[in-house]
Every structure is written in structure tokens, then in C-alpha cells.
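Structure at a glance
Here's the letter readout for the chains.
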Amino acid sequence: MHKSLKMITAAVVGAVALAACGGSGASPGSTGGSTGKTLIIGTDFPLQGAAADETIQVNQAIELYLEQIGHKVGNYTIELKKYDDSSAAAGKWDPALCTKNAADHVANANEIAVVGAFNSGCSKIEVPILNQDPNGPMLMVSNSNTNPGLTKSWDPGEPDKYYPMSKRNYARVVTTDDNQGRAAAQFMVHDLGVKKCYVLNDNDTYGQGVAQAFVTEAANLQLQILGNEPWDRAQPSYTGLFEKIKALGPDCIFLGGSFDNNGGQLVRDKVAVLGDNTAVKLMGPDGFTGFTVLDTLPESQGMYLSFPGLTRAGLTAQGGEAAKLLAAYAAKYGAPPTTSYALYGIAAVQVILAAIAKSDGTRKSVTSQLFSGAGVTIPADVSAIGKAFSIDTASGDVTVLDTTIEVIKDNAESFVKIWPITS
Amino acid sequence: MSLDTPKLTESEPIRSDLSQSHTKRWALWFSGIALVVWLFYTFVLPLLGEQAGTFIRHWMPLGSINEALVWVICAIGLNIVVGYAGLLDLGFVAFWAIGGYIAAWLMSTFFDQISHGIYFLSAAPPNQHGIHINWWLVLIISGCVCAFAGIVIGAPTLRLKSDYLALVTLGFGEIIPQFFVNGENIFGFNLTNGVKGISPLDNVSPLPFGPPAVSLGGATIPISQPLGPFDVGAKYVLFVLVAAFCIFVSLRLREGRLGRAWLAIREDELAASMMGVPLMQSKLAAYAVGAFMGGLGGVVYAVHNNSVFPDRFSFAISIVLLAMVVLGGMGNVWGVIVGALGLAWFNSTGLPQLGDSFNEQFGTDINFPSYNYLVFGSILVLMMLFRREGIFPEARTRQVLREAERSDAEELDGGEV
């Protein structure tokens, strides 16, 4: 016991002595304003689980873009650091890792801004932490968050509770679920001529949001909603569910949710009970886009999809900078990205780089450039999403509200049209 | 770190390895190590060069230690149920979840129907919606509610053993998170906010009164000021105190009458009953005490993450907790602590960092964290093959397992080995 006591005492004394010898250390997270320095952009995505296929492609697309610009913007050298916010135990994004990553972003002295998070729930944890950065607020730009509450009034307390320092530090380059759900309902009524819809949601934050937006818009369009209920992702079969729905006689089904919540089985059982997608129309949001497994299902042929922006297929057909990026990606990695979020990852980086170029190289300045004055605008000739866009300096939302409508045909997602949002 | 586990010989009778001096020695070690860690991160780390500082922040960030402490608290609670009383519990995550949600209800703006806010010694800003209770009090409330829940789950399982007990607890562990998932509309009332979870929570303060902070050796030590997301050092101290309380309670109960009753039930329930050990009372006490600590872990977890989400409380969490107990050494608090710290670090930081270093060194692009369960499972298999009793086993467990090995050898050799 005496020996133990001596060892502990020596260690404590040593630590205190070291502390007493030192002066003040460099504060973590401090970023100087000197020119020619290296700045890091972090990406914060779930790199494990069902979303990994998409997020790895987003990281690859960003790497490719940084190579194309020579890792330079103004006098700054730009490096990329990839963070993983998923865990094997969760198989998806993990709140504990979102918390840890947010602290790591702030602690990494040369990190200037973050692309991400991929999931709105994770962003809701990280944004308030980055907002309180003593050298910030630190900027976060998401390429995929569609939950409205992050930027505009939605649930009680939103969005102000995510900005404890009363300054905005979050922006996104995709439009929100309310717009996507609205566009899906308008398309189904005006173009497909449906009268009676049954809505299913995956009981996730995203799925509930987009399904509710669809239901709300349906009321404006005199589209009858026969029901809105969650599907249980753990069920081996949904034939019982669709038998119940069949009795109500719907002419369309809207799936508010993600394909990785057992969406494949849901689509198979829908066709088995209600017939193919020409008889009873089937539509899903962007949670069903980018999945080769879905696209090649015989039962998914004829299924309509919406995407809160411009899709890979449409951008390829349009030509320009986006098409060039897709071609370069295919040349480097052997095939074009299956997810349209890859290009939106580049768009998020373009926003950050534009803010860096106007700033003095500090986090505070970069964030300020985006949310004050003229803000940031990405011109059409360089835009990764094929058209000029800017960030609303008050909310952080993107000003381009396009929603793309696609249909699965010949085992691929085919462009149908851009749906203009009307209120 | 020396462990000084007493060596047992055939001639030496089994004795408690938790004599008073032993307990004091370990208390000294725990306090000393916890203090050194805090001093290092608070005073020494800022003085280290950029390279060394970055290395430590990448490989052993204090935030990861804080998260590991949550696992430690819950693993100590589970150790009482599984390690002490021998009751297999596959649903411990339920208590973790209940604790987390109690923290979220009592420390946030979630109940916006309460427009002027209910405040009690809270560090939250004034004039907010919702309930804002001091976090120390929330710890006590959460522990008590979970202890009651432990008795509720424990009561119907009193007649069950082994597989059946495991199934009932597993069911409980599945039901509770589902309740939180579906609790968004309970007769029109939003109790849990469903899958959207509850965030953010109030910032906690170490004490509800006193000066905002004191300056010590160039560092600012918060006293009554709210802790922000970057006050990980102060949160570390708070979490260590909660863990220390759990360790203290666990060790003291183990030495007492109740602890001996638990061990007797674990070794042979029928014999214990014949010797006059009150089975019902002892088992319920094990569930209640274990659940109390699970509730504390839930509050600490919610404060650490500043949020709670129902899908985080999955069955896998119960299994990982059980693995921590088995791997560290069932029944031995210190073994369980080492198991929890080691596995928690490996999950959150160790493997991802190892992957980054490997990929950087060899120019590969291997997703190391995706092999987490492969490595994890392999370790468990190897442990079961070569060290069934865990890394730091309880003396009693070790002797029971070693005795079996010796008997097998004697049968083969026909004599003494």
C-alpha cells in the first residue's frame, strides 16, 4: 500500500510540476489568418451500414473535385479529413459519435468547416456544438439533410434551439422534405391523375416528415388520403398490410421513408397484392434513390421517385460542369456514382471554398461570409449541380428549390422532369 | 498496472479478496489514476508539442474517456445482476434508456406546454419552456425510477432460471425502446418525440451555487457556471464521481450480508434457499441496485451526448455490456471496469484510429470499423478458449473454473498434475 501511495503521489506531483512550469498553450481550434496556410475541410458521414455505399461515393467525389482544383483556393491549400459518425453496434449514425466528431472538428486547429452530416438527426447534435466553438461559430454545410427544422420553424423550439449563440452556422445545398413531399403530391395529381392514395412511412424522422408533407399537400389538391401509417422494418412480409389497403381501393401508394428500412420487401409485396406499378401507381422520395438493388428489382419497374434537387441522370443529359464531373468520376473510379448526393457533396464544398476565398482564413470569418452581406453564390458555369445557386443568408437554405421526378425503367432511374415548387 | 490478485493454493481456503485494506488500496488507485488523468488533460496536454498533443487527441481524446465512463457505470450495474447474483440479464439497455429519457424530460425545453418553465437549482437560462432540474437531483430521481422498474421486471422472473430468465429480460429490453419510439402520440400527448428524440438538453454545472469558476495553474475550473460542449475536463470529473459512487456501492454491498446472499444464490440457489437466504428479497435487491446504476448511466449518457434518441438503445448495447462484464471478469468490479474501458475505447476510438494509421501507412482504403464485430467476436472466442474467467477474474470464479481443469487433467493422468 505504501508503494502504491508513493507511485500515485509521484505521478500527481510530476503532473502538477509540469503544469507549473508551462505558460499558456495554444488554444485548440484557433486558426490564424496568415496566407498560404493549409486548411482542412472535414466530411462527417456514416461510413458503415446501409448508407455507406452512398457516403463513400460522396467522399470520393469530393476528393476528385479537390484534385481537379489542385487543392487550392486563393492562397490556401485545402485538405480533406474524413470522419465516420456511424458505429458497428448501431449499423448507422450514432449520437455518441456525432457528439465526439463535433468536438473533434472544433479541436482540430486547422479544420475550417465541415461537409455533413448525412443524416438530419446527427446534424441536430453537431450544429449546436459547432455553434459554440470559441473560435467560431464553425460552418457546417450539408449535402443531404432535408429535415426542415434545422433551418426553419417546424417542431417546437426549432430552429433556434440549434443555434445557442444566436448566430447561424448551418447551410444546406438540397431543398427540404416539405418541398419534396409537396412536389410528389402535385406530380401524382397533375401528371398521373391519381384520386385516392395510401401513405406508408418508415417511422423514421425523415420518413415521417416527407409523408406528412405529402398528406398536407394532398388536402390542398383534393387528393383523398386513405391512410398514413408506419411500416415495421422488421417484418418479413407486408402482404397482410397491402391486403388491408387493397380493400380501400387506392390508385396510388406513397412510401415516405428509406429503401434500407426493408423497402425492397415492401415494393415486392405491393406488386404481389396490388398489381404492377401501372395499375396502382407507386412513388417514393429520395430515400429510395441511388440503390442499384431497387433499380434492378422486377417489381420496382414503373415506380416513380422524387429527389430534392437535380439528379445524376438529368445532369448528364443537360451537359456542362456537372456532366464533366460525372465523367471524371467514372474515369477515375470505373463507374459513375449511383447517388446524386455525390454531386451535392461537391456543391457543399464549392459553397465552403467560396466562403474561404472571401474570408481571412478563420472559422469566424468563413461563417460570417456565408451569412452576411451578399452571401455566397455559385455561378452556373462551375456549379456541380448544373445551375447557379446561392445560400439564403438568413436561413442557410439553398435558393434552388427544384425537385426532380424520376421513374425506374429498364433497371435504371430515368429522368422524367424537373418539378417546379409552387405553394 | 499491478493487480495483486491473491494466488490461491489447494491448502489455502477461499477468502474474500475484498478485505478492508484491499478495498482501500483499490480506492486509492482509482482516485489516483482518475486524478492523474484529469491533471494530464487539464494542465500537461496543452503544454505538449503539437505532434504529441495531436497524437493523444486522436488516440485517447478525453471525450472518448467520458463516453467510456458511461459504459463503466452501466457495466458495474449489470455486474451486480449477472456477476454477483448470477441472473442473466439481456435487457439492461432498458434502464439506460429510461435514465436517458428522464434526464431529457427533466433537463430540457421538451415539454413546451410549460410555458414559463419549472426551475430547480438548474444552470439553464431563465424564462425557457419545459422543466429544468439540477442534474444531481435528476441523477437521484432517475436512479430511483429505474430501481422501481428493476423491481417490476424482476418480480415476474423470480421463478425463472437461465434461458427463460434471459428471454424475459430480453423482451423487456426490446419493449422499452419501442415504447420510446412510439411514444410520440399517447392519447394525443407527445411523451417521447418518437424517433426524432429529444435534443438539446440543459447544460449542467458542477455545483448549483458558489463562484462561477476558479483559476488554478492557468486553467479555469468551472464551479457553478454551466458546462458547454467543450468543457470535457469538468464533465470528466462529474462522470468519475458518479462512477466512483457506483464502485463504492458495489464493493460495499459485495462485502455485506446482501452481497454474500447474492453469491450464495449464484453458486447454488437451492442450497442458498435451504440455508435461509431470502431468494425473493435478494434477487429483487439485485435487480433494483443494478437498475439504479443503469439509470445513473442513462443520465450521464444523455448529458454527454446532449440528446437522447430511441434507436440508440438497441439489443446490441445489452450484448456489448454483457461482453464487457464477461471479458473483464464476471463478479470482479475492477475487472469489469477494465473490460468496459477497453471495449468502449476500442469501439469508439481504437479501431477507427488503427484503421486510419494503417491506411495512411500502406496507402490502402480499408474500412476498419466495419470489421469491429469480427475482431470483437474473435477476442471473445479466444477468451473463452484460453481464459474463461475473464481478464481479471474474481478469486472465487477463478478457482471454480481452475478446479474443473485440474480434475480433467487428473482423470487423464490418473494422478496429481
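Parameters and conventions
Residues numbered from 1 in each chain as written. Chains lettered and ligands numbered in written order. Predicted model: local features only at pLDDT ≥ 70, side-chain atom pairs only at ≥ 80, totals over all residues. Helix = DSSP H or I, 4+ residues; strand = E, 2+ residues; numbered from the N terminus. Rg over C-alpha atoms; globule rule 2.2 N^0.38 Å. Buried ≥ 20, exposed ≤ 12 C-beta atoms within 10 Å, placed from the backbone. Contact = placed C-beta atoms within 7 Å. Nonpolar A, V, L, I, M, F, W, Y, C, P; charged D, E, K, R; others polar. Axes fitted to C-alpha atoms, helices over the stretch in contact; angles between N-to-C directions. Parallel < 35°, antiparallel > 145°, perpendicular 65-115°, else oblique. Left-handed = near helix turned anticlockwise from the far one by under 90°. Domains from an automatic or database assignment. Core = buried A, V, L, I, M, F, W, Y, C linked by C-beta atoms within 7 Å. Pairing = 2+ DSSP bridges. Expected span 1.5 Å × (residues − 1).

**Points about the overall build of chain A**
Of regular secondary structure, chain A possesses 13 helices and 17 strands. The C-alpha radius of gyration of chain A comes to 24 Å, within 12% of the 22 Å expected for a compact globule of 423 residues. Seen through its C-alpha atoms, chain A measures out along the principal axes to roughly 80 × 60 × 45 Å. In chain A, buried positions account for 56% of the 423 residues.

**Describing the interface of chain A and chain B**
A common way to report how large an interface is uses the accessible area buried once the components associate. On the side of chain B, 50 residues touch chain A, which itself brings 43 residues to the contact. Among the secondary structure elements, those contributing two or more residues to the side of chain A that touches chain B are α1 (2-21), α3 (95-107) and α4 (120-131) of chain A. It is α1(A) that provides the largest number of residues to the side of chain A that touches chain B, a total of 10 residues. Residue composition of the side of chain A that touches chain B, by class: 24 nonpolar, 12 polar and seven charged.

**Some details on the packing of helix α4 (residues 93-106) of chain B against helix α10 (residues 279-305) of chain B**
All names here are of chain B. At a minimum axis separation of 6 Å, α4 and α10 run at an interaxial angle of 50°. The orientation of α4 with respect to α10, classified from their angle, is oblique. In this structure, the crossing between α4 and α10 has a hand that is right-handed. When α4 is examined against α10, the residues Phe95, Trp96, Ala97, Ile98, Gly99, Gly100, Ile102, Ala103 and Ala104 are found in contact with a partner set consisting of Ala291, Gly294, Gly295, Leu296, Gly297, Gly298, Val299, Tyr301, Ala302 and Val303. Looking at the contact of α4 with α10, its residues break down into 13 nonpolar, six polar and no charged.

**Focus on the packing of helix α11 (residues 315-328) of chain B against helix α12 (residues 333-362) of chain B**
The relative placement of two packed helices is expressed as an angle between their axes plus a distance between the axes. Residues and elements named next belong to chain B. Two elements in contact, α11 and α12, have axes whose closest approach is 7 Å; the angle formed by their N-to-C orientations is 130°. In terms of axis orientation, α11 runs oblique to α12. For α11 against α12, the interelement crossing comes out right-handed. Mapping the contact onto sequence places Val320, Ala323, Met324, Val325, Leu327 and Gly328 in α11 and Gly335, Val336, Ile337, Val338, Gly339, Ala340 and Leu343 in α12. Taken together, the residues that form the contact of α11 with α12 break down as 10 nonpolar, three polar and no charged.

**Some remarks on the domain arrangement of chain A**
Residue and element names in this part refer to chain A. Per the domain assignment, the segments of chain A are domain 1 (38-176 + 320-391) and domain 2 (177-307 + 404-419). Each of domain 1 and domain 2 has a C-alpha centre, and the two are 29 Å apart. Facing 12 residues of domain 1, the contacting portion of domain 2 comprises 12 residues. In terms of residue class, the side of domain 1 that touches domain 2 is made up of two nonpolar, nine polar and one charged.

**Let's talk about the nonpolar core**
Residues Leu343(A), Val351(A), Ile352(A), Ile73(B) and Ala75(B) are the most contacted members of the largest nonpolar core, which totals 176 residues. No other element matches the 16 residues that helix α3 (residues 62-84) of chain B contributes to this core. Ile352(A) has contacts with Ile41(A), Ala113(A), Val115(A), Leu139(A) and Val141(A), leaving out every residue within four places of it along the chain. The next biggest cluster of nonpolar side chains, apart from the first, holds 43 residues, and it includes Val210(A), Phe254(A), Met283(A) and Ile405(A).

**Focus: the sheet that holds strand β10 (residues 224-230) of chain A**
Residues and elements named next belong to chain A. Taken together, seven strands build an open sheet; the order of strands is β10-β9-β11-β12-β13-β16-β17 and the sheet is mixed. The open sheet is flanked by β10 and β17 (412-419), the only strands paired with a single partner. Averaged over all pairs of adjacent strands, the angle between strand axes in this sheet comes to 25°, irrespective of strand direction. In this structure, strand β11 (residues 252-256) lies alongside strand β12 (residues 281-284), joined through three bridges in parallel fashion. Bridge assignment links isoleucine 253 to a residue of β12, and that residue is leucine 282. Most of the contacts of helix α5 (residues 177-190) go to strand β16 (residues 403-409), to which it runs at about 60°, and overall it touches β9 (196-201), β11, β12, β13 (304-307), β16 and β17.

**Regarding α10(B)**
An ideal rise of 1.5 Å per residue puts 39 Å on 27 residues; α10(B) measures up with 39 Å between its terminal C-alpha atoms. Remark: Asn306(B) follows α10(B) within two positions and exhibits a positive phi of approximately 60°.

**Some thoughts on α3(A)**
Since one α-helical turn is 3.6 residues long, residues separated by three or four positions face the same way. The first and last C-alpha atoms of α3(A) sit 18 Å apart over 13 residues, in line with the 18 Å expected at 1.5 Å per residue. For α3(A), a buried count of 13 out of 13 residues is recorded, marking the element as mostly surrounded by other parts of the structure.

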